[in-house]
Every structure is written in structure tokens, then in C-alpha cells.
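So you can see what is in the structure, the chains are spelled out below.
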Amino acid sequence: MTAHTKSSGTSWVGRSIRRLEDPALVTGQGRFTADLPANHWVRFVRSSVAAGKLESITAPAGAGIITAADITALKPIRPMLSKFNYVPVGQPILARDVVRFTGEPIAAVYAASKDEAEDLAEQVEVAIAETAALVDGSLALLEGAPLVHAEAPGNVIVEGRIRTPDFDDVWRSAHKVFRVNTRSRRQNAMPMEARAGHAIYEAATGRVTLTCTTQMPHLMRTAICDIVGLRESDLRVVAPDVGGGFGQKMSLAPEYVLLVWLARRLRSSVAWTEDRRENLIASFHSRDQHVELEGAFNADGKLIAVSANVIANVGAYSCFPTTCGVEPLMALAELPGPYDFRAYSCVSRGVLTHTCPMAPYRGVSRPVITLAMERLMDKAACGFEIEPTEIRRRNLIDKFPYTSATGLVFDEGTYKQTMEMAIDAIDVPAFRKQQKVARANGRYLGIGFATFSERTGYGSPAFAARGMEITPGWESVFLTVDPSGFVEARIGASPHGQGLRTTLAQIIADEIGIDPQFITVVHGDTDRSPYGWGTFASRSLVISGGASLLAAQKIRAKLIKMASHMLEASPDDITLKSGSAHVTGTDRSVSIVAMARAAYHQTHIFKGEIEPGLTEVGSYDPSGTFSNACHVALVEVDIATGQVDVQKFLVAEDAGLIINPMIADGQVHGGVAQGIGNALLEEIIYDETGNILTSTLADFLPPTTHEIPEIELHHIATLTGNSITKAKGLGEGGAIGAPAAVIGAINDALSAFGVSIDEMPATPQRIRAALRSSGKMA
Amino acid sequence: MSEKSDITLNINGRDHHIRVESRRTLVDAIREECGQSGTHIGCEHGVCGACTVLVAGEPVRSCLMFAQQAEGKAIRTVEGLAQGDEMHPMQRAFMDHHGLQCGFCTPGFLMLAVGVLEREPEISDENLIDVLSSNLCRCTGYQNIIKAVRSAAAEMRRS
Amino acid sequence: MKPASFIRHVPRTAQQVVEALAEFAPLDGRILAGGQSLVPIMAFRMARPAHLIDINEVEGLDRLAVDETFLSIGARVRHGAFHKPVIEGPLGRLLMFVVSHIAHYPIRMRGTFCGSLAHADPASEWCLVAATLDAKLVLQSVRGERVVAVTEFLQGIMSTSLAEDEFLAEARLPLLPDDTRFGFYEFSRRAGDFAMAAALVTYRISEGMIVDAHVGIGGAEDRARRVEEAEAVLNGQAPAQALFVAAGEAAADAIDPLEDAQTTAEYRRDLVRAVTRRALERSTQ
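Residues numbered from 1 in each chain as written. Chains lettered and ligands numbered in written order. Predicted model: local features only at pLDDT ≥ 70, side-chain atom pairs only at ≥ 80, totals over all residues. Heavy atoms only, no water.

Residue and element names in this part refer to chain A. Of all nine residues in strand β13 (residues 289-297), seven are buried; the element is thus mostly enclosed. By the bridge criterion, nine bridges tie strand β8 (residues 176-184) to β13 in an arrangement that is antiparallel. Note that in β13 the partner of R183 across the bridge is H290. Note: β13 against strand β14 (residues 303-315), nine bridges, orientation antiparallel. Bridging across to β14, H290 finds its partner in I311. (Buried < 20%, exposed > 50% of the residue type's maximum accessible area, 1.4 Å probe, protein only. Helix = DSSP H or I, 4+ residues; strand = E, 2+ residues; numbered from the N terminus. Pairing = 2+ DSSP bridges.)

This part is about the interface of chain A and chain C. Of the residues lining the interface, 29 residues belong to chain A; the matching set on chain C comes to 25 residues. Taken over both partners, the interface formed by chain A and chain C buries close to 2,300 Å², and the fraction arising from carbon and sulfur atoms is 53%. At the surface where chain A touches chain C, the tally comes to eight salt bridges. The shortest N-O distance in the salt bridge between D270(C) and R772(A) comes to 2.5 Å. Scanning the region where chain A abuts chain C turns up 15 residue pairs in polar contact (both at pLDDT 80 or more). For the side of chain A that touches chain C, the secondary structure elements donating two or more residues are α2 (114-122) and α19 (764-774) of chain A. Considering each element in turn, the side of chain A that touches chain C owes the most residues, five residues, to α2(A). For the side of chain A that touches chain C, the per-class residue count stands at ten nonpolar, seven polar and twelve charged. (Contact = heavy atoms within 4.5 Å. Buried area = accessible area lost by both parts, 1.4 Å probe. Salt bridge = Lys/Arg side-chain N within 4 Å of Asp/Glu carboxyl O. Polar contact = N/O pair within 3.5 Å; in protein donor to acceptor, adjacent residues only side chain to side chain. Nonpolar A, V, L, I, M, F, W, Y, C, P; charged D, E, K, R; others polar.)

Residue and element names in this part refer to chain B. Here chain B is described as being made up of domain 1 (4-80) and domain 2 (89-158). The centre of domain 1, based on its C-alpha atoms, is set 21 Å off from the matching centre of domain 2. Regarding the contact of domain 1 and domain 2, the summed buried area is about 1,300 Å², with carbon and sulfur atoms giving 61% of it. On the domain 1 side of the interface with domain 2, the three residues burying the most area are H40, T52 and V78, jointly 33% of the side's total. The interface formed by domain 1 and domain 2 includes one salt bridge. In this structure, E118 and R76 form a salt bridge, with 2.8 Å as the shortest nitrogen-oxygen distance. One can count five residue pairs in polar contact (both at pLDDT 80 or more) joining domain 1 with domain 2. At the level of secondary structure, the elements contributing two or more residues to the side of domain 1 that touches domain 2 comprise β3 (52-55) and β4 (58-61). (Domains from an automatic or database assignment.)

A few words on the layout of surface pockets. The space that makes up the second largest pocket amounts to roughly 1,400 Å³. In terms of lining residues, the second largest pocket is bounded by 41 residues, among which Q643(A), D645(A), H706(A), Y185(C) and A191(C) are the most central. Mapped by element, the contributors of at least two residues to the lining of the second largest pocket are β26 (625-638) and β27 (643-654) of chain A, α4 (125-132) of chain B together with α4 (105-110), β11 (181-187) and α10 (265-283) of chain C. In terms of residue count, β27(A) provides more of the lining of the second largest pocket than any other element does, five residues in total. For the lining of the second largest pocket, the class distribution of residues is 14 nonpolar, 14 polar and 13 charged. (1 Å grid on protein atoms, 1.4 Å probe; cavity = no way out; pocket = protein on both sides within 12 Å on 5 of 7 lines; lining within 4 Å. Points joined across faces, edges and corners; volume = space filled by probe spheres on them.)

On to the pattern of salt bridges. Taken as a whole and assessed by the stated rule, the structure comprises 86 salt bridges over all chains. The partner of D96(B) in a salt bridge is R18(A), with the nearest N and O atoms 2.6 Å apart. With D96(B) in helix α2 (residues 89-96) and R18(A) in the segment before α1 (22-26), this pair bridges two chains. The partly exposed category is assigned to R18(A), whose relative accessible area is 38%. The shortest N-O distance in the salt bridge between K2(C) and D28(B) comes to 2.8 Å. Of this pair, K2(C) sits in the segment before β1 (7-9) while D28(B) is found in helix α1 (residues 26-33), placing the two residues in two different chains. On the accessibility criterion, K2(C) (5% relative accessible area) is buried. A residue is classified by how much of its surface remains accessible, and D28(B), at 2% relative accessible area, is buried.

Residues and elements named next belong to chain A. The end-to-end C-alpha separation of helix α6 (residues 254-266) is 18 Å, in line with the 18 Å expected for 13 residues at 1.5 Å each. Most of α6 is tucked away, with ten of its 13 residues classed as buried. The set of residues buried in α6 consists of P254, E255, Y256, V257, L258, L259, V260, W261, L262 and A263. Positive phi shows up at R267, right after α6, with a value of about 50°. (Expected span 1.5 Å × (residues − 1).)

This part covers the interface of chain B and chain A. The interface is formed by 46 residues belonging to chain B together with 53 residues belonging to chain A. Summing both partners gives a buried area of about 4,000 Å² for chain B against chain A, and 58% of it is carried by carbon and sulfur. At the junction of chain B with chain A, the criterion picks out seven salt bridges. Here chain B and chain A share 24 residue pairs in polar contact (both at pLDDT 80 or more) between them. Put simply, the parts of the chain that give the side of chain B that touches chain A at least two residues each are α1, α2, α3 (106-119), α4 and α5 (143-158) of chain B. Residue contributions to the side of chain B that touches chain A peak at five residues, all from α2(B). Of the residues contributing to the side of chain B that touches chain A, the split by class is 20 nonpolar, 16 polar and ten charged.

Attention shifts here to empty space enclosed by the protein. A water-sized probe rolled over the atoms picks out the places where empty space is left. Residue and element names in this part refer to chain A. Following the criterion strictly, the structure yields eight cavities of 30 Å³ or more and no others. Roughly 650 Å³ of internal volume is contained in the largest cavity. Within the residue set of the lining of the largest cavity, elements represented by two or more residues are α8 (326-334), α14 (500-512), α15 (540-567) and α17 (661-680). Among the residues forming the lining of the largest cavity, the class breakdown is 23 nonpolar, 18 polar and six charged. A volume near 370 Å³ is recorded for the second largest cavity.

Residue and element names in this part refer to chain B. Pairing within the open sheet is mixed, and its five strands lie in the order β2-β1-β5-β3-β4. Bordering the open sheet on either side are β2 (14-21) and β4, each of which pairs with just one other strand. Looking at each pair of strands side by side, their axes are set apart by 40° on average, direction ignored. Bridge count for strand β1 (residues 4-11) against β2 is eight bridges, and the pairing is antiparallel. Paired with I11 across the bridge in β2 is R14. (Axes fitted to C-alpha atoms, helices over the stretch in contact; angles between N-to-C directions.)

The next subject is the packing of α14(A) against α15(A). Residue and element names in this part refer to chain A. Their axes nearest at 8 Å, the elements α14 and α15 cross at an angle of 30°. One finds that α14 runs roughly parallel with respect to α15. Along this stretch, α14 crosses α15, giving a crossing that reads as right-handed. Of the residues in α15, those in contact with L500, T503, L504, I507, I508, E511 and I512 of α14 are S540, L541, S544, G545, S548, L549, A552, Q553, I555, R556 and L559. A class-by-class count of the residues in the contact of α14 with α15 yields ten nonpolar, six polar and two charged. (Parallel < 35°, antiparallel > 145°, perpendicular 65-115°, else oblique. Left-handed = near helix turned anticlockwise from the far one by under 90°.)

Under the defined criterion, the tally for this structure stands at 25 aromatic pairs over all chains. Their ring planes at 80° and their centres at 5.1 Å tell us that F32(A) and F104(B) sit as a pair that is edge-to-face. Here F104(B) lies in the loop between α2 and α3 and F32(A) lies in the loop between α1 and β1 (40-46), a pairing that spans two chains. A relative accessible area of 5% means that F104(B) is categorised as buried. An aromatic cluster is present here, built from F400(A), Y402(A), F410(A), Y415(A) and F626(A) joined pairwise through their rings. (Phe/Tyr/Trp six-rings, centres within 6.5 Å; stacked < 30°, edge-to-face > 60°.)

Here is the structure:
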């Protein structure tokens with residue numbers, strides 16, 4: 001089916017209607033995991049050292065405490081990848097003989113209140129014989145480095161290599177070569193709500209309900225049942241209102257497993273709320289990467305070949321279900337970005353260290369590889385003495401479908417057009433004049449561009465290509481019209497701020513011809529919603545949206561058939577509009593309420609031609625689609641202090657048909673803000689012994705209103721054939737392009753000093769250090 | 001664990017008679033003993049502002065006060081903003097302008113903005129944005145929070 | 001992150017405060033004023049006082065008034081009191097300008113001027129104000145009252161000359177002559193964050209020359225203090241950009257910089273150079 005939503009009079013798609021989610025949230029009636037009471041409160045005793053042998057755990061007599069010795073029946077978390085030399089490693093639910101990162105859970109204590117649990121945790125004495133800690137990803141590869149897991153020689157847990165057949169010949173023909181050495185420092189997604197879990201055992205049925213801050217409730221259910229040895233029908237997982245995820249909450253945390261086990265053991269309710277310190281230390285980190293690349297250009301400034309080496313420091317264990325391969329392998333596959341070149345050589349490795357495990361964070365590797373490629377473009381622009389936008393103009397893809405050197409198929413997009421749109425909106429020549437005047441007055445303004453693609457809405461074939469044992473991708477939606485004419489859509493995606501209850505209702509409303517306020521989208525509860533893959537990777541609107549559309553089309557068809565019976569008219573003469581079916585050109589109509597009643601209570605009138613009830617299922621598993629954008633940052637660098645002020649930010653984006661413009665824009669705003677934080681402020685810092693120095697919000701610095709300027713948005717819509725709703729995903733785009741745009745602007749501002757800022761965050765200290773070593777400071 | 005004492009917290013005009021230890025923070029007492037879970041905990045060390053409530057008309061970080069310290073003072077939380085079915089202009093503005101996504105930081109922002117605007121109705125736009133830098137949000141990039149607060153400020157000044 | 005247990009005491013008079021301190025300070029007792037610095041530390045359990053002496057109900061400690069030659073700031077006076085000028089003239093304007101840099105609005109509703117001084121964070125703006133203006137601090141205990149100079153009071157990182165059973169009851173800021181000029185500039189990663197370096201300057205002009213220059217530097221050393229070397233550069237000279245740059249150089253050279261994993265001594269000096277110069281530039285506006 002390729003036709004998108006059939007207009008039925010009023011069109012809800014494309015309108016910025018208020019979100020159906022909001023009334024509860026603005027009145028304080030949201031239900032978050034930490035709001036639930038429990039009989040027992042759990043606090044985890046965590047390793048205070050990065051590496052060592054666990055010798056003893058001593059707790060006060062009579063204390064409620066669980067250690068690895070109590071849970072020998074629980075299997076470790078062990079995600080699998082069948083390609084890329086992946087070495088499977090297991091993460092124990094509680095550390096057994098060794099600890100591998102500061103913050104690793106060693107024991108769980110429980111008490112009647114959180115305060116008492118914390119008091120008790122303090123009294124637990126843990127003896128660890130420290131061993132040499134490995135913290136830096138590059139050091140992990142050196143001969144003689146400590147081994148994090150015996151199974152992974154050289155600490156390499158995954159390695160992907162690619163080299164196109166003609167690479168050497170093409171490289172030799174290069175006119176100019178430019179090098180980039182990019183360092184992305186460790187990030188923490190830092191959702192406003194830290195992780196939390198609540199497990200309650202129901203004696204009457206023997207079932208456990210786990211309420212937790214997850215982005216993937218069904219997969220949590222399957223995985224925890226595998227580990228604990230439960231039937232899936234005996235575990236219900238509920239993702240209630242979740243306070244942001246950004247990827248940090250999509251992976252299985254050992255803490256959730258422990259809670260389920262403990263609830264069964266105590267035959268009661270147990271809960272854990274992670275505090276912010278725990279979240280910064282022990283909740284999944286990301287983007288600790290080193291990308292070195294060289295780009296070969298011909299005499300016309302055309303990029304002809306790229307050679308790259310990627311090292312991703314993935315921490316001490318592998319995240320479930322994606323495995324830690326997700327960062328290095330996405331870098332391998334997507335580094336070429338939106339540029340047209342055929343010769344590509346890349347080695348990308350995931351490297352183990354004694355640090356907190358990595359999990360995907362908004363954009364995953366793309367913010368880093370986009371930075372690397374955009375630095376390449378900017379350096380090449382300097383080398384060829386042309387504007388950064390001109391070199392991009394010569395290299396951005398513009399004929400579709402385009403198959404990249406790594407075999408990715410790009411559907412129709414507007415890479416060049418969005419850049420031109422951004423250039424016009426900014427008035428680059430006027431800025432250059434302003435920049436010159438400012439420089440003469442000792443002020444350093446800069447402009448930076450980032451053009452990139454965002455792979456979104458891809459289904460199982462794409463995930464299968466990575467060799468994941470668990471291959472996500474498809475989504476289904478169960479759509480029911482009840483006897484009172486209200487519609488319920490039960491979905492497998494798991495939104496946590498993305499507004500899916502509104503946007504999916506808009507899609508369904510257009511198809512069935514009713515108002516979105518009569519449509520309830522149910523998600524997050526594995527007892528109520530169909531198996532699905534949750535919400536991550538900019539997929540939910542595309543895939544659950546597509547499944548919603550398919551289900552709604554089936555409901556539509558059935559309603560029209562019912563109406564043709566009830567109105568004695570041909571189905572071709574029936575339209576659905578404003579809650580009723582109408583015979584075109586007459587005033588004969590029947591309401592959807594009446595039809596719904598008939599479907600349940602008067603089925604005989606349809607003479608066996610209609611199945612009773614009004615439920616249809618839609619399933620969608622698309623190949624994927626690429627959205628694109630151009631980001632522009634205008635900055636001022638204070639060379640005396642190294643401080644960077646982002647004065648303006650502009651995005652020209654194309655994400656296909658926008659279902660709800662206000663919600664779509666909100667996704668871009670949020671991504672850009674995290675990208676600016678990534679570029680200037682946010683960093684998880686370990687010392688050389690593996691202790692975290694940034695364990696409070698006084699040290700880890702997300703941006704506030706002062707650090708985020710007004711973000712100006714411009715839109716184009718390419719109606720792709722790769723998504724039946726014509727919508728492309730865009731949840732991650734803001735985070736993917738913004739860092740490169742900001743870093744590019746800093747480099748532009750400081751071009752007179754001959755420095756190259758290739759590290760993020762570009763802190764004031766780092767910028768001053770670069771300026772000092774340039775030798776050009778007054 | 002130290003002894004508990006009986007105190008009364010007046011929240012949104014209603015008295016709650018509770019027993020708490022000295023160390024019980026105001027935010028924990030509001031959420032648990034008083035059952036008002038709309039106020040959220042984001043950091044427990046006074047930086048993120050998710051726990052912002054009004055105490056005697058002042059926006060404060062309820063994670064940095066002890067419950068016993070708030071006895072005898074009028075406390076207002078997000079649950080008290082609407083009057084029956086009638087939402088507060090600030091709540092309406094957040095909905096109209098998409099000033100929330102996951103909703104976790106929202107109660108803190110609502111109370112901060114309402115509190116400051118009630119105390120300083122003529123606050124300048126620049127100072128209003130400065131006040132909003134008190135609280136953290138990870139979803140919205142602040143664009144629509146600022147729009148919402150500006151819009152509500154205008155409406156609050158008119159009435 | 002819940003604090004460890006403690007017993008809370010609620011004195012009603014200053015006498016009750018010092019008696020409580022005498023009894024409980026030796027048993028790990030501390031003063032609780034605004035709580036904006038102490039409670040986070042307790043949440044991390046880096047401090048676990050067994051007793052808290054909550055002074056928020058004590059009569060008279062909220063006094064903010066002009067006494068002859070100084071502004072008297074009682075222990076309960078909150079940062080927010082300075083959002084509007086509390087006294088006509090340069091001192092009121094100076095305090096109002098500085099207070100907008102302290103943390104954030106809700107913190108300023110509770111945190112106290114004297115609490116900041118007693119906490120003695122090297123980056124504290126009020127410590128810088130006290131140091132630059134030669135404040136006097138009134139310390140009270142069961143043994144009576146003593147008044148100490150700020151240079152004696154601030155002893156190092158989180159360290160003051162308060163005896164275990166003493167509390168800071170009042171800070172006294174000398175009134176400033178009406179023709180005093182001042183300038184303040186602070187550098188931090190984000191607005192409201194702890195200052196990585198801050199400068200407060202005051203001076204008067206006499207026959208076109210700077211006289212009685214005070215140059216205070218905060219955030220850069222283990223305590224805020226006046227830097228004589230910078231003051232010597234300014235005194236007797238006409239205000240000028242080149243002079244301000246030279247004063248910045250002098251301040252940067254004179255300090256014993258705080259260093260940590262991300263901030264080298266050299267960078268700290270860079271900051272002191274910049275904040276001093278900028279504070280002086282602001283003094284002419």
C-alpha cells in the first residue's frame with residue numbers, strides 16, 4: 001500500500017493539535033515508577049573500585065541482603081551478535097568473583113524505607129583486592145594491558161572491517177589528502193528521571209508485575225524471563241510515564257532482574273529508585289570514541305576516498321539487546337554520511353575497559369562520525385580555498401535511490417536543498433562582513449555548518465544485517481472500536497515524551513473520520529499491548545504509525561462495508577467523516593457508534609458477510625528511510641577565557657510528511673540542545689584509577705536556558721515511498737548535527753590562530769590550551 | 001533512625017497530619033506521607049529544580065528543606081494550580097505551546113514560573129529567562145518552555 | 001541520597017543558639033541556616049552531623065540595617081534580600097549586582113549571606129565581597145562575642161576561624177563613600193555555576209587618579225582575598241585600558257592558583273587576568 005492517509009473531510013494529520021498526554025502531566029497526575037509505594041526498598045551496594053577481586057561481603061546480622069551467592073540460578077546478561085568477530089561476554093546480575101567497573105552492583109540490601117536501606121547499605125563492608133584498572137580505550141589495545149574479560153584477547157570485543165575493492169587505486173589518484181583526528185568524550189544521556197524499578201508478586205496467580213523506566217517493555221519481559229527462568233505469561237512489565245530515555249533506558253539493567261527475583265523470593269513488593277549519583281556513575285554511558293580519518297579529494301574538490309579508524313570504548317560489559325557493537329558498527333556502516341564517494345576503508349573496534357558499560361544515546365555514533373566528516377569537509381574547504389558550503393555542494397548526494405559504499409540505500413532526500421535553504425536564511429555573505437568587522441575589534445565570531453543524514457524507521461532486515469541474535473524492527477497495532485464508538489489502539493512502541501498518543505491518533509482519525517479525542521493509544525503494558533520493540537532509533541512514528549495506518553485502513557474498509565449494508569448503498573458511494581458514514585450526494589448517514597453497536601450486538605444483520613466485533617491488526621516492517629537536515633551554528637569565542645557562546649542556531653530539515661508540526665519541532669529542539677551540551681559542556685570524566693570525577697550535577701553540566709539560543713527551524717517535506725504514512729523519523733537528528741555545527745563554528749571563529757578543535761566537549765580549558773600552543777596569542 | 005515527631009503540613013490549602021524523622025526532606029514528605037506525587041525528584045542535591053514548590057509564596061527546592069521546617073507555612077504544589085476543572089493559565093500555556101514532552105521536569109517549571117510571576121508580575125523578559133535557567137529540562141531544549149511562560153505571564157498580568 | 005539521621009534543635013533566641021552549640025557542637029552538631037550548601041553535602045553523606053541547630057526561627061537574627069559606619073547583616077538574612085538595593089548608594093548597588101550571580105532564584109530564597117561566609121567555599125561571591133570590602137564578622141558563643149577581620153576569618157577551603165562552639169551571628173560591611181566606583185566580573189561554565197574566577201574592584205577618583213583601590217579575587221585560590229599587587233598598580237594612576245590590563249597581569253601573577261584535573265594553574269591565571277580587567281572595565285560604565 002503506498003497511498004498515504006485518505007482525506008475524509010477534516011484532516012488531522014499536519015495539524016499542531018495539543019497533545020492528549022498533557023492534561024495529566026501538567027496537573028501532576030503523571031504516574032512515574034518512583035511514585036509507587038512498596039513494602040521493601042532496595043539499595044544497591046556498588047563497587048568503589050574499577051577492577052579487583054571480590055574477597056568478602058560483610059553485613060550486619062539480620063540484615064536483608066542479597067549477594068551473588070544467593071542468586072546462582074540467575075543467568076548473566078549475555079547479548080549475542082553473530083558477525084564482526086564479536087566475543088560474547090556475560091554480565092552477572094550481582095558481581096561474583098571480580099568487579100569490572102566503579103559502580104558495578106555487588107549486593108542488594110532491602111529495608112522498610114529508602115532512608116533505612118541507605119543506612120543499611122552504608123554498613124555493608126566489601127573487601128576488594130584491587131587490580132590494575134584500564135580506563136582509556138587506546139591504552140586497552142596496548143600489549144600487556146589488563147584484560148577486562150579473559151575471553152576477549154587484546155580487549156577487542158567486536159571488530160568490523162571494510163575495504164572497497166578499488167580502494168588502493170582510487171587513493172593513489174588523490175590530488176589532496178586531509179586528516180582528521182576526532183575525540184568524542186564520554187556522555188551520559190542524563191534523563192531528568194533516573195532509573196527506577198518496582199516489582200510486586202501477586203500470590204493469587206504467582207505472577208510478578210515489574211514497573212520500570214524502560215523504553216522496551218516487551219523485550220525486558222522476554223529477557224528477564226530467560227534469566228530468571230519464568231514463563232513470559234508470569235511476568236508483566238509496565239513502562240508507565242517515563243521521564244525521558246534517549247536510549248539510556250532501552251537496555252536491560254541487572255537491577256531490574258534482581259527486583260523481579262527478590263519480589264518472588266519475598267512474595268511481596270520491592271522497589272528501587274536510582275539516585276542521580278548512581279545514574280551518573282553506573283547508568284549506561286556512551287560515545288567515548290576516537291575517530292581518525294583521512295579523506296582523499298580530486299582536483300575539483302570532489303571527495304573520492306575515505307580511510308578511517310574507529311575505537312569505541314564500550315566499557316566493561318555489553319548492553320542488551322543491541323550489544324556494545326552498536327556504536328562501532330554503526331560508525332563503520334554510516335561514516336560516509338550523505339557524501340558521494342565509492343572508495344572506503346574502515347576498521348572499527350569496540351574495546352573493553354573497566355568503565356561503566358555503553359548503551360545507545362540519541363544518535364548513537366552519528367554525532368561523532370558527523371563531527372569527523374564535517375571537520376574533513378571544513379579542512380578540505382580551507383585547503384581548496386572555497387566556502388565550507390561550496391565543498392559540500394560538490395559532494396552531497398542528489399540522485400536517488402543512492403547506494404552508499406557500505407550498501408545503505410538512501411531514498412529520496414534534500415541534502416543540497418536544505419543546505420541552500422539554511423544558507424539563504426542565515427545570509428552568509430552578510431555574516432562574513434560582520435565577522436571581519438568583529439575581528440578587527442578583537443571579537444571572534446564563527447559560523448559552522450553540518451549536513452548529515454538520519455537513518456530512521458528501519459525494520460528487521462536492517463537489524464538482521466548487523467547479525468544481532470534478537471532482530472527488532474517490525475511493529476504491530478491492534479485497533480479496536482468498542483460498542484460505544486470509542487477507538488483503542490494498542491501498540492508495541494513505548495513512547496516517553498514523543499507524543500505518540502497524539503500523532504498516532506491523528507493518523508487513525510484521518511482514516512476513520514473521527515476526532516482524535518475519541519482515540520486512546522495504549523502502550524507500555526505487556527498485558528495490554530501487543531509484542532513490540534519499544535521506542536528508540538527514531539522509529540516509532542514511522543513504524544507504529546505505518547502499522548496504525550494499515551490497521552485503520554482495515555477498520556475503514558469494514559466500516560464502509562457495514563455502512564453499505566445498513567444504508568443499502570454501494571461501498572463506492574460511502575465516505576467516513578465527522579464520526580459517521582455518509583452516502584455521497586444524499587443526507588443518508590449512520591454514525592460510527594451505531595455501526596459499532598451493530599458489529600457487537602446485531603451481527604446477524606450483516607448476513608454472515610462481516611465477522612463480529614471491530615478489531616483489526618496492522619503490521620509494518622519497512623526497509624527504512626533517511627531524513628536529512630542542515631544545521632548552522634553562529635558562535636562567539638572569548639579568546640581570553642575560551643568560553644563559547646552559541647548566539648544563534650538554525651535547522652533546515654526534511655523529515656517527510658510532518659504529522660504534528662509542534663511535536664516534530666519539539667524533537668528537533670531537544671536534540672539540538674543535547675547536541676550543544678555535547679559540543680561544549682557534557683563529559684563524564686574518569687581519573688586514571690577508574691573513579692568518576694563527575695558524579696554530581698555540579699560537575700556534569702547539561703545546558704540551561706542560558707546556553708541554548710533561539711533555534712530557528714525551516715522545513716521541506718519529501719514524501720518518501722519508503723514509509724506508508726510518508727513520514728520519516730526525526731527524533732535523533734537534532735543531536736546528530738548540532739555538535740558538528742558548533743565545533744565547526746568554533747574553528748571558523750578561530751581560523752586566524754591556525755588551531756584545529758577536534759574534541760568534544762570543546763571546553764574553555766581545551767580551547768585556551770589550543771590557543772596558547774598556537775603561539776599566535778597576543 | 002531518630003525519633004519521629006508529629007507535624008502538620010498545609011499543602012494546597014489542606015492540612016496533612018504526618019509523623020516524620022528530622023531528616024525527612026520536604027519533597028519526600030510531600031510525595032509519600034502526604035501522597036502528592038506530582039512533585040518530582042531529579043537529583044536530591046539542589047541543582048535540577050524538578051522538586052520546586054512554593055513555600056510561603058517563595059519558589060524553593062523542596063529537596064533542600066526538611067519537612068519539619070515547613071510546618072506552619074503555606075505550601076503549594078502542582079496539584080494545587082488548577083481550580084477544579086479550570087486550569088491555571090501557566091498550565092494552559094504549557095499545553096498550548098508544547099512546553100513539555102516527558103513531563104518529568106514540568107511541575108518544577110510550573111511552580112517556579114508561577115511563583116516568580118506572582119512575586120514579580122512586571123519582571124523583565126531577560127530576567128524571566130534568567131529565572132528559568134534555575135531548572136533543567138532534557139527534552140524540550142527550553143524553546144517552548146520560554147514561549148509558554150511568556151504567554152502565561154502576559155495573561156497573568158492582564159488579570 | 002537521604003541524609004543520615006540527626007536530632008533537630010530549634011532555638012528561639014541567640015542565647016539559646018550558643019547554648020545549643022556549646023552542648024552539641026562537640027557531639028557533631030552544626031548550624032542549619034539556609035541549608036542550600038549544607039543539605040546537599042548531607043545528602044551525599046559527606047557530612048553527617050548528629051545534631052542540627054536550626055536558626056530559622058531565631059528572633060533578631062534576620063536584622064538587616066545600617067549601623068553608623070557599616071551595614072549589619074544578620075545570620076538569617078537571605079540572598080534574596082539583596083535583589084533590590086538595601087541601602088542607597090554604591091554599596092546597595094554593588095550587592096544587588098553581585099547577588100544576581102549567586103546560584104539561582106530558588107536558592108536565593110533560602111540561602112543566607114552569613115551561611116555563605118561560614119561555609120567558606122573559595123568560589124563564594126559573598127566571601128569575595130566580604131574580603132574585598134574588609135568586612136568584620138561577629139562570632140558568638142557562650143563565652144561572649146568577638147569581632148574578627150575577614151582576613152582572619154577566612155582560612156582556606158571550607159575553613160574558617162570559627163571555634164567549634166561559635167556561630168557567625170552577623171557580618172558587617174563598611175559603608176562605601178558615595179563616590180565609590182565598583183566593578184564585578186565572574187567567570188563560570190554556565191551562569192549560576194560556581195565561579196572559576198571572580199574579581200570585585202572598588203576605588204574612588206581624586207583629582208583624576210584612582211585612590212583607595214580594593215581588588216578582590218575569588219574562586220582562584222583557597223580563599224577570596226584582596227590582592228595588593230593589583231591595587232598598587234592602580235593607585236595614583238588615571239583609569240585607562242592599559243592600566244586595567246596591567247592590573248590584571250599583576251593579579252594573575254600574584255595568586256597561588258587552585259588546580260584540578262581540568263583546570264591548570266596557567267588557565268586559572270588566564271581567568272584571573274581576564275576577570276580583573278573586565279571588572280575594572282565595568283567600573284567605568
